[in-house]
Each structure stands twice: as structure tokens, then as C-alpha cells.
Amino acid sequence: MTIQEYIQSGAIESCVLGLADEADMAELQRLKLAHSEVAAAFEAAESWLEQYAGAHAVPVSAEIRAKMLDTLRGNIENATGIGVTYKRSRFYRYLAAASLVLIVLGAGMSWYYHRKYTEVAQDYSIVSSARVIKISLPGVAGKENDLATVYWDTLSKDVYLRADRLPKAPAGRQYQLWALVDGKPVDAGVLEGCEGLCRLKTVAKAQAFAITLEKAGGSVTPTLSEMCVLGKVAS
């Protein structure tokens, strides 16, 4: 398996989502050290997961936080048998902070992750499917830091996009995906409220995909001077 085939296999996404076994995790660590493109793909997947979680985060109310702190203080006092002056104790502050995170994740946020699990699992089923081709779209000259990934279902012809590292579009502008079909660009949809894995238009066949920055609503033809990323479909 070549490095590009490894990147397109979905193994990196499995590791980021915590679904890989120890052997797969060790293999990823080895390849990250040996190949910069693997490290870049891992960082992009990790960044996407952080953005996805942040975009769907649910704030905890002040009342719930107060109850959590009261519970935490009671648990510590019961365990030690002495009172704790937590305003003056650096140890208590650190312990409270760490315990509060566990309480929030274990109790206050458990319903949220249960609700979002289906969405994440669905995204994973798409990117890891054997019939889905992963096409990396690196930044063009002058925009080397830009990056996006297309997942193209070869059976249904559905196209999904993950905007790994695309700067926020300016007001009145939108990113638009194009499929290069027999040398001609075909509109594959505009990015609107795209968080995580976004489904765009179906594409019957394509030799490459590209993204341009267009006016809001999209354009009939791509503005080549505003091209951000471009990636070829492996033959």
C-alpha cells in the first residue's frame, strides 16, 4: 500500500475517532514520523474533529456548575474527613478543575454525546466505506495552507466534502466545489453552513475536484483566479 492509498483508506480517521486498535495506532505514529503528508492528514482530521465538537458544544448553566462544585467539595471533605478551604488551596483548585471536567463529561454532557453519536457514526461510515474514494485537495500556489477533502461514493455518485483548512469566506462570498469532467468544470455545489462532513451535489464522473471562492449563491463558471484547492482523482 502506498502512502497516498493509506491516507485515502480511512485509517487516519479511525485513529482520530478512537476506533482503531493498538496496532493501527502504532502504525499511524510510525508513518507520521516517516512521512510529512501523513502527519498533515492526521492534523487535518484532528482539527476537523475539534471544530465539529466545538461547533456543536452545549454550554453548562451556572446553576448546574454550582451544584457540581458543591457535590465535588462534599465528596472531597467526606473522603478526607476535614474541611477544605478551596479558595486558598492550589491543590484543591487543580483537583476541582480536573474533577469538574469528569463530572461534566460523565453527567452533564452524556446526553449530548449520545445525541451526537449517530451523526459522527454516520460520517465515519461514509469516509471508511470501501466504495468511497478519498480525494485530498491541497492548496494551490499562494494558498499552500488551504486544504479540503472530497469523499466520492463510486456507487451512488454522492459527493461529500470536509473543509479541513479553508479560511472563513468573506461577507457576500461562498466557496464552490467543481468537478473536472472531460476537461470541463461542472458545478458540484456551494458550501453553506458546512460543519464537519457536508453532502454536496452528485457527480457521475470526474478526473479532479477544485474549490473556488465565488459570490454568494455560486457561479455558472469558476473564477480561476480565485481557486483555492485542487486535487486529482486517482486512476
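Time to look at unusual backbone geometry. Of note, the phi angle at K157 is positive, near 70°, even though the residue is not glycine. Positionally, K157 belongs in the loop between β2 (147-153) and β3 (159-165). Classification of K157 as partly exposed rests on a relative accessible area of 28%. Notably, D182 is not glycine yet its phi reads approximately 50°, a positive angle. By secondary structure assignment, the location of D182 is in the loop between β4 (173-181) and β5 (184-190).

One open sheet holds the 4 strands; their spatial order is β5-β4-β7-β8, and the pairing between them is antiparallel. With one partner strand each, in any of the chains shown, β5 and β8 (227-232) form the two edges of the open sheet. When strand polarity is set aside, the average angle formed by the axes of neighbouring strands in this sheet is 30°. Where β4 and strand β7 (residues 208-215) come together, 8 bridges link them in antiparallel fashion. Bridge assignment links R173 to a residue of β7, and that residue is K215.

Assignment of secondary structure puts K184 in strand β5. Sequence separation between K184 and Q207 is 23 residues; the distance between their C-alpha atoms is 9.8 Å.

All right, on to the pairing of β2 then. Within β2, 7 of the 7 residues are buried, which leaves it mostly tucked inside the rest of the structure. Here β2 shows no split at all, with L147, T149, Y151 and D153 on one side and A148, V150 and W152 on the other all buried. Note: strand β1 (residues 132-138) against β2, 7 bridges, orientation antiparallel. Of the residues in β2, the one forming a bridge with I135 is V150. The sheet contact formed by β2 and β3 spans 5 bridges and is antiparallel. Its bridge partner lying in β3, V150 is registered against L161. The turn linking β2 back onto β3 is made up of 5 residues, and K157 within it adopts a positive phi angle of 70°.

For the structure shown, the criterion picks out 1 aromatic pair. With 5.7 Å between their ring centres and 75° between their planes, W152 and F209 make a pair best called edge-to-face. Of the two residues, W152 sits in strand β2 while F209 sits in strand β7, which places them 57 residues apart along the sequence. Residue W152 is classed as buried on the basis of its relative accessible area, which comes to 6%. Over the ring of F42 we find K32, and its NZ or CZ is 3.9 Å from the ring centre.

Thresholds applied
Residues numbered from 1 in each chain as written. Predicted model: local features only at pLDDT ≥ 70, side-chain atom pairs only at ≥ 80, totals over all residues. Heavy atoms only, no water. Helix = DSSP H or I, 4+ residues; strand = E, 2+ residues; numbered from the N terminus. Buried < 20%, exposed > 50% of the residue type's maximum accessible area, 1.4 Å probe, protein only. Pairing = 2+ DSSP bridges. Axes fitted to C-alpha atoms, helices over the stretch in contact; angles between N-to-C directions. Phe/Tyr/Trp six-rings, centres within 6.5 Å; stacked < 30°, edge-to-face > 60°. Lys NZ or Arg CZ within 6 Å of the ring centre and 35° of its normal.

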